[in-house]
Amino acid sequence: MATWYNITTDDEQARLLAAWDDAPIENLETLGFILGVARDQVTAYAPATTAPIYEPVTLNWATGERVELSRVGQIVTAVVYPRQAATRMNPEGLPLPDAFGITGGDAIIIINPDDDSPQWQLQVVFSGENKYVMLWGALNTVGPYSPNPALFQWVADPAPGDGVPDNYVYAQLQQAKNLWNAGRVNSGGELGVDGYSFTPRPMDKTIKGIIRPTDGKPHAL
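What you are looking at is a predicted structure, and each value in this text was computed from that prediction instead of being measured.

Chemist: Help me understand the overall build of the protein chain in this model?
Modeler: Across its full length, the protein chain holds four helices and eight strands. Evaluated residue by residue, the protein chain yields a buried proportion of 34% over its 221 residues. Contacts in the protein chain between residues far apart in sequence, at least 24 positions, make up 64% of those at least 6 positions apart. For the protein chain, the accessible surface area stands at approximately 13,300 Å², while carbon and sulfur atoms represent 54% of it.

Chemist: Would you take a moment to explain helix 2 (residues 28-45) for this structure?
Modeler: An α-helix turns once per 3.6 residues; consequently, residues spaced three or four apart project the same way. For helix 2, with 18 residues, the first-to-last C-alpha span of 26 Å sits near the 26 Å given by 1.5 Å per residue. Buried residues of helix 2: Thr30, Leu31, Ile34, Leu35, Gly36, Ala38 and Val42, and no others.

Chemist: I tried to follow the packing of aromatic side chains on my own but got confused; where do I start?
Modeler: Tallied over the full model, the rule gives zero aromatic pairs. Against the face of Tyr81 rests Arg66, its NZ or CZ located 4.0 Å from the ring centre.

Chemist: What am I meant to see in the environment of Leu96 here?
Modeler: Within the secondary structure, Leu96 sits in the loop between strand 4 (94-95) and strand 5 (108-111). The class for Leu96 is buried, based on a relative accessible area of 5%. Remark: the alpha-carbon pair of Leu96 and Val57, spanning 39 residues in sequence, is separated by 9.5 Å. Look past the residues within four positions of Leu96 in its chain and what remains in contact with it is Leu69, Gly101, Val124, Lys131, Tyr132 and Val133.

Chemist: I would appreciate a short explanation of the pattern of salt bridges in the present structure.
Modeler: For side chains of opposite charge, pairing can occur when their charged atoms come near one another. Under the criterion given, the structure shown has two salt bridges. A salt bridge links Asp40 to Arg39; the nearest nitrogen and oxygen atoms lie 3.8 Å apart. For Asp40, a relative accessible area of 45% translates into the label partly exposed. Judged by its relative accessible area of 27%, Arg39 is partly exposed. The salt bridge involving Glu68 is made with Arg66; its shortest N-O contact spans 3.1 Å. What makes Glu68 partly exposed here is its relative accessible area of 30%. When its relative accessible area of 29% is taken as the criterion, Arg66 is described as partly exposed.

Chemist: Sorry if this is basic, but what is going on with the nonpolar core here?
Modeler: One recurring pattern in soluble globular proteins: nonpolar side chains tend to sit buried together. Counting 23 residues, the largest nonpolar core has Leu16, Trp20, Leu35 and Ile211 as the members making the most contacts within it. Counting residues per element, the ones that place at least two in this core are helix 2, helix 3 (166-183) and helix 4 (205-211). Val67, Leu96, Ile102 and Val133 belong to the second largest nonpolar core, which has 21 residues in total.

Chemist: How do you make sense of the sheet that holds strand 3 (residues 75-81) when you look at a structure like this?
Modeler: In a beta sheet, neighbouring strands pair by backbone hydrogen bonds and run either parallel or antiparallel. Taken together, four strands build an open sheet; the order of strands is 1-2-3-8 and the sheet is antiparallel. Two strands close off the open sheet at either side, each with one partner strand: strand 1 (57-60) and strand 8 (150-155). Adjacent strand axes in the sheet meet at a mean angle of 20° when their direction is disregarded. In this sheet, strand 2 (residues 66-72) lies alongside strand 1 in antiparallel orientation, the contact comprising four bridges. Bridging from a neighbouring strand, Leu59 pairs with Val67 of strand 2.

Chemist: How do you make sense of the pairing of strand 3 when you look at a structure like this?
Modeler: When a strand is regular, its side chains alternate between the sheet's two faces. In terms of burial, strand 3 is largely enclosed, as five of its seven residues are buried. Sheet topology note: the strand 2/strand 3 ladder contains seven bridges and is antiparallel. Residue pairing for strand 3: Arg71 is matched across the bridge by Val76. Linking strand 2 back to strand 3 in an antiparallel pair, the connection comprises two residues, with Gly73 at a positive phi of about 65°. Of the strand pairs in this sheet, strand 3 and strand 8 are connected by six bridges, and their pairing is antiparallel. Across the sheet, Val79 pairs through a bridge with Leu151, a residue of strand 8.

Chemist: What's the story with the environment of Trp4 in this structure? I'm lost.
Modeler: Note that Trp4 resides in the segment before helix 1 (10-19). Taking the C-alpha atoms as reference points, Trp4 and Leu35, 31 residues apart in sequence, are found 8.8 Å from one another. Setting aside residues no more than four positions away along its own chain, Trp4 makes contact with Arg15, Arg39, Val42, Thr43, Val164, Tyr168, Val169 and Gln172.

Cut-offs used in this document
- Residues numbered from 1 in each chain as written.
- Predicted model: local features only at pLDDT ≥ 70, side-chain atom pairs only at ≥ 80, totals over all residues.
- Heavy atoms only, no water.
- Helix = DSSP H or I, 4+ residues; strand = E, 2+ residues; numbered from the N terminus.
- Buried < 20%, exposed > 50% of the residue type's maximum accessible area, 1.4 Å probe, protein only.
- Contact = heavy atoms within 4.5 Å.
- Areas by Shrake-Rupley, 256 points an atom, 1.4 Å probe, with all protein chains shown as cover.
- Expected span 1.5 Å × (residues − 1).
- Phe/Tyr/Trp six-rings, centres within 6.5 Å; stacked < 30°, edge-to-face > 60°.
- Lys NZ or Arg CZ within 6 Å of the ring centre and 35° of its normal.
- Salt bridge = Lys/Arg side-chain N within 4 Å of Asp/Glu carboxyl O.
- Core = buried A, V, L, I, M, F, W, Y, C linked by side-chain atoms within 4.5 Å.
- Pairing = 2+ DSSP bridges.
- Axes fitted to C-alpha atoms, helices over the stretch in contact; angles between N-to-C directions.

So, to be careful, I would describe these as geometric facts and stop short of saying anything about function.
Structure (structure tokens):
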């Protein structure tokens, strides 16, 4: 699996130039349009896909806490059920399954519940490729915690197998080149004004074959 070509960051621009060394990087706006159009054309022609279904996961702590994780699309919902006895002891972290990882790099992310009761924080700690769920109680609270669960949500990383197929990304790159070359040449075969005129072109058979490879075998309808 791969990721679409983009030019938002320096790293993304470097990645594109490594694959397309004469990409018109001097005009980022036009190049962004071309990559976006190419991506949309690829996804429009690609076969329909079924959204993945993620099985819910429950994390249980020996000290009584419980976190129920579920995911729909890129949105993860974590419901925290704190233990009912007040204590100043916080439980150790438990591994966070890959499908529920938070989008981001090597960092510590603290997510607070929307309301004030119960006063708990859910913390996801990144340690290399491993992620851990930590729970931190309201240490200055006196008395038992509220029986009501706390709700947390975040945007998840693509789960294993959820990335863009390699052939789609390659087709985006090739179609972007076609769009650029076609758009900068007018009907007389000359370059457009300043080399930046842009006329969208449909995908040719080669690009379509990249997106939907044929195996030469008959298939029943």
